[in-house]
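# Results of the structural survey
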Amino acid sequence: ASNSEEFLARVRAETGLDIEIIPTEEEARLAFQGCAVLLDPEPDRALIFDIGGGSTEVLWVEIGPSGQKILDWFSLGRGVMNLAESFGG
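Rules used throughout
- Residues numbered from 1 in each chain as written.
- Predicted model: local features only at pLDDT ≥ 70, side-chain atom pairs only at ≥ 80, totals over all residues.
- Heavy atoms only, no water.
- Helix = DSSP H or I, 4+ residues; strand = E, 2+ residues; numbered from the N terminus.
- Buried < 20%, exposed > 50% of the residue type's maximum accessible area, 1.4 Å probe, protein only.
- Polar contact = N/O pair within 3.5 Å; in protein donor to acceptor, adjacent residues only side chain to side chain.
- Contact = heavy atoms within 4.5 Å.
- Core = buried A, V, L, I, M, F, W, Y, C linked by side-chain atoms within 4.5 Å.
- Pairing = 2+ DSSP bridges.
- Salt bridge = Lys/Arg side-chain N within 4 Å of Asp/Glu carboxyl O.
- Axes fitted to C-alpha atoms, helices over the stretch in contact; angles between N-to-C directions.

Quick look at the side chain of S55 now. By the secondary structure assignment, S55 is in the loop between β1 (45-51) and β2 (56-64). S55 gets classed as buried once you look at its relative accessible area, which sits at 13%. For S55, the side chain forms a polar contact with the side chain of E57, separated by 3.1 Å. Beyond its immediate sequence surroundings of up to four residues, S55 is in contact with E27, D50, S75, L76, G77, R78 and G79.

This part takes up the nonpolar core. Soluble globular proteins: nonpolar side chains tend toward being buried together. Counting residues in each nonpolar core, the largest one holds 8 residues, listed as A28, F32, L39, A46, I48, L59, V61 and I63. At the level of secondary structure, the elements contributing two or more residues to this core comprise α2 (24-35), β1 and β2. Sort the elements by how many residues they give to this core and β2 lands first, with 3 residues. Those residues in contact with L39 that sit more than four places away from it in its chain are F32, A46, I48, V61, I63 and Q68.

The next subject is the pairing of strand β3 (residues 67-76). Of the strand pairs in this sheet, β2 and β3 are connected by 9 bridges, and their pairing is antiparallel. Of the residues in β3, the one forming a bridge with V58 is F74.

Across all of its chains, the model carries 5 salt bridges by this definition. Note that D18 and R12 form a salt bridge whose closest N and O atoms lie 3.1 Å from each other. Judged by relative accessible area, which is 59%, D18 ranks as exposed. The network of salt bridges with common partners includes R45, E62 and K69.

What follows concerns the sheet that holds β1. With antiparallel pairing, 3 strands are arranged side by side in an open sheet as β1-β2-β3. Two strands close off the open sheet at either side, each with one partner strand: β1 and β3. Adjacent strand axes in the sheet meet at a mean angle of 20° when their direction is disregarded. In this sheet, β2 lies alongside β1 in antiparallel orientation, the contact comprising 7 bridges. In the sheet register, R45 faces β2, and the bridge partner there is E62. With respect to the sheet, α2 is in contact with β1, β2 and β3, its orientation differing from that of β3 by roughly 135°.

Have a look at this one:
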């Protein structure tokens, strides 16, 4: 957001909370960890979509006997909130 520094300073001043902004790669990794137990073990690969407020992460993951891992991922700068703001709700 264009006012992110102002927002973070206000949150810190009013609540005492120090919010950490994580990089998109960390967001993708956390989305994978949150979804991993939901994956069907039958296919070799899966596609995960993590649709957030300001971005959407898309992950291509491997599922197998040796474990699960992210093969590739990308982040789109569009999520529920900024799409709603752009298109009127």
